[in-house]
Amino acid sequence: MAQCALSPDGTLLATAGWSGLCKLWQVPLCTERQTYRGHTDRAVSIAFHPDATRRLDASCANLASGSADGTINLWSLDSEQPLRTLQGHSHRVCRVAYHPSGRFLGSASFDTTWRLWDVERGDELLLQEGHSHEVYAIDFQEDGALVATG
């Protein structure tokens, strides 16, 4: 397993695996609820939408995952196929993070860039260059005003 994330209400655990599969587990019993198929290489990052398992409908993009195949997949809670695949990075996507509003998603990559995506439309809104090496991390300030990458 590459990374895991707990849902905002604490009832689900999402895992990203080196097999390329992402899985959803029911907490606290750790029973498998869903297997997500869509990456062609290792899934290395996974994140829940800030409103997942609370106000967001299960059929919407409740999860995002990043992969060594350079793609980001958006997932619902009720289908094993991605709702949308975001493409733009030329190398491994190391980390994905939802903006606190849930409307945007940030991604960090081995291609030395980070990107900002519109989750609803699937559009790349910003391509940020400037790192001299791989970008391993991305996260948003709690109010969404700032983003940090490393």
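Presented here is a report on the structure given in the accompanying data block. (Residues numbered from 1 in each chain as written. Predicted model: local features only at pLDDT ≥ 70, side-chain atom pairs only at ≥ 80, totals over all residues. Heavy atoms only, no water.)

**What to know about the overall build of the chain**
Reasoning step 1: From N to C terminus, the chain includes zero helices and 14 strands.
Reasoning step 2: Helices and strands appear in the chain in the N-to-C order β-β-β-β-β-β-β-β-β-β-β-β-β-β.
Reasoning step 3: Rg of the C-alpha trace for the chain: 14 Å, near the compact-globule value of 15 Å for 150 residues, within the 12% margin.
Reasoning step 4: The C-alpha extent of the chain, read off along each of the three principal axes, is 45 × 35 × 25 Å.
Reasoning step 5: In the chain, buried positions account for 45% of the 150 residues.
Reasoning step 6: At a minimum sequence separation of 6, the contacts of the chain that also span at least 24 residues come to 42%.
Reasoning step 7: For the chain, the accessible surface area stands at approximately 7,200 Å², while carbon and sulfur atoms represent 48% of it.
Reasoning step 8: The chain carries 12 positive and 18 negative side-chain charges, and their two centres are separated by 3 Å. (Helix = DSSP H or I, 4+ residues; strand = E, 2+ residues; numbered from the N terminus. Rg over C-alpha atoms; globule rule 2.2 N^0.38 Å. Buried < 20%, exposed > 50% of the residue type's maximum accessible area, 1.4 Å probe, protein only. Contact = heavy atoms within 4.5 Å. Areas by Shrake-Rupley, 256 points an atom, 1.4 Å probe, with all protein chains shown as cover. Lys, Arg positive; Asp, Glu negative; His and termini not counted. Charge placed at Lys NZ, Arg CZ, Asp CG, Glu CD.)

**Some points on unusual backbone geometry**
Reasoning step 1: A cis amide bond, omega 15°, links Val 27 with the succeeding residue Pro 28.
Reasoning step 2: With respect to the element layout, Pro 28 can be found in the loop between strand E3 (22–26) and strand E4 (31–36).
Reasoning step 3: Even without a glycine there, the phi angle at Cys 30 is positive, about 60°.
Reasoning step 4: With respect to the secondary-structure elements, Cys 30 resides in the loop between E3 and E4.
Reasoning step 5: According to the relative accessible area criterion, Cys 30 is exposed, its value standing at 51%.
Reasoning step 6: For Thr 112, which is not glycine, the phi torsion reads 70° and is therefore positive.
Reasoning step 7: Along the chain, Thr 112 falls in the loop between strand E10 (104–109) and strand E11 (114–118).

**Remarks on the sheet that holds E4**
Reasoning step 1: Read across the open sheet, the four strands follow the order E1-E2-E3-E4; overall the sheet is antiparallel. Bordering the open sheet on either side are strand E1 (3–6) and E4, each of which pairs with just one other strand. On average, each strand axis in the sheet is tilted by 20° relative to the strand beside it, whichever way the strands run. (Pairing = 2+ DSSP bridges. Axes fitted to C-alpha atoms, helices over the stretch in contact; angles between N-to-C directions.)

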